[in-house]
Amino acid sequence: MRLTGTAVGTVVAAVPAALALVFVEAQWAPLRRFDHGAAASLHQQALEHPGLVRALRFLTDVVWGPVTMRLLVAVLVVWLLSRRAWRLAAWAAVTALAGAAAGLLAKNTVERARPHLPDPVAHSPGFSFPSGHAMTATTSCATLLLVLLPLVPRRLRPVAWALAVVTVVGVSGTRVALGVHWVSDVIGGWFLGLAVVASTALAFETWRSDIGRPLTTPAQGLEPEIADADRPASHGGPSRSL
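Residues numbered from 1 in each chain as written. Predicted model: local features only at pLDDT ≥ 70, side-chain atom pairs only at ≥ 80, totals over all residues. Heavy atoms only, no water.

Asker: Residues and numbers for the overall build of the protein chain, please.
Answerer: Across its full length, the protein chain holds eight helices and zero strands. Ordered by position from the N terminus, the helices and strands of the protein chain form the series α-α-α-α-α-α-α-α. Counting all 242 residues of the protein chain, 44% fall into the buried class. Relative to all contacts within the protein chain whose residues are 6 or more apart in sequence, the contacts with residues 24 or more apart total 73%. In the form shown here, the protein chain has an accessible surface area of approximately 12500 Å², with 69% of it arising from carbon and sulfur atoms. (Helix = DSSP H or I, 4+ residues; strand = E, 2+ residues; numbered from the N terminus. Buried < 20%, exposed > 50% of the residue type's maximum accessible area, 1.4 Å probe, protein only. Contact = heavy atoms within 4.5 Å. Areas by Shrake-Rupley, 256 points an atom, 1.4 Å probe, with all protein chains shown as cover.)

So this is what it looks like as structure tokens:
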């Protein structure tokens, strides 16, 4: 049932991303009005507050930027390899690469132009849909959460989830406020990122099922056994590799 739930989650995440892509390609009028209205409003705020623009650039380029997010996942993969958690390391690496490839494919398929605003406060190359920042933050935060949750004390897990949500929503807001993405770009990035993570997590859960390990929920993380990897086995035996 949990495996089925993961499959359903993949579909649920993929459908909104596909719909967003269809609406963007069709230049659906209500979506265009919403995008243009939000962009104009936030752009006006940026023009009136230069200090805010500097803060947004620092957040979007440094704190929550794609390079930062990918470096965190790379460090995670190296750490997992050092713990001999081969399959979990492979999952994290494949998820990051699949997310990057899916985002690039979607951008070059849709070829949506970025916003053209008067007195722009920022510039960004390439196509607009989906937002690479939003998608990278989504896949990276989800990867970090699903791997590290078993190591986080239960009482602190809501804090970990909150940090992930703040990161994803925060970087998405900076992209729209700086005028380099439409709102629908970041929403498309969220759902496409979630679809990638859900599909790779489904494959990982299938492997766990094949070797007789119990399936997990997102609240448990992908590999709860990682929390016990450094603890001595009973009767002084060696710890298990994952």
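Asker: Give a description of the nonpolar core that names residues and reports values.
Answerer: Leu76, Leu80, Leu88, Trp91, Val147, Phe204 and Leu222 are the most contacted members of the largest nonpolar core, which totals 19 residues. Contributing elements (two or more residues each) for this core: α4 (66-82), α5 (86-110), α6 (132-148) and α8 (183-210). With sequence-adjacent residues up to four places away left out, Leu88 is seen in contact with Leu80, Val147, Phe204, Leu222, Glu223 and Ile226. Ranked by size, the runner-up nonpolar core spans 10 residues in total, among them Met69, Ala137, Cys141 and Val171. (Core = buried A, V, L, I, M, F, W, Y, C linked by side-chain atoms within 4.5 Å.)

Asker: Let's hear about helix α3 (residues 50-63): which residues, and what values?
Answerer: Between its first and last C-alpha, α3 extends 19 Å over 14 residues, near the 20 Å set by a 1.5 Å rise per residue. Of all the residues in α3, the buried ones are Val53, Leu56 and Thr60. Seen along its axis, α3 keeps its buried residues to an arc of 65°; they face one direction. (Expected span 1.5 Å × (residues − 1). Arc of directions from axis to C-beta.)

Asker: If you had to explain the side chain of Thr60 to someone new, which residues and values would you point to?
Answerer: Structurally, Thr60 can be placed in helix α3. Among residues more than four places away in sequence, those in contact with Thr60 are Gly65, Pro66, His133, Val171, Thr174, Arg175 and Leu178.

Asker: Any details on the packing of aromatic side chains? Residues and values, ideally.
Answerer: What the rule picks out here adds up to one aromatic pair. Seen in terms of ring centroids, Phe204 and Trp207 are 5.3 Å apart; in terms of plane orientation they differ by 55°. Their pairing is tilted. On the criterion of helical spacing, the pair formed by Phe204 and Trp207 is a turn pair, its members being three residues apart in helix α8. Taking relative accessible area as the criterion, Trp207 reaches 16% and is therefore assigned buried. (Phe/Tyr/Trp six-rings, centres within 6.5 Å; stacked < 30°, edge-to-face > 60°.)

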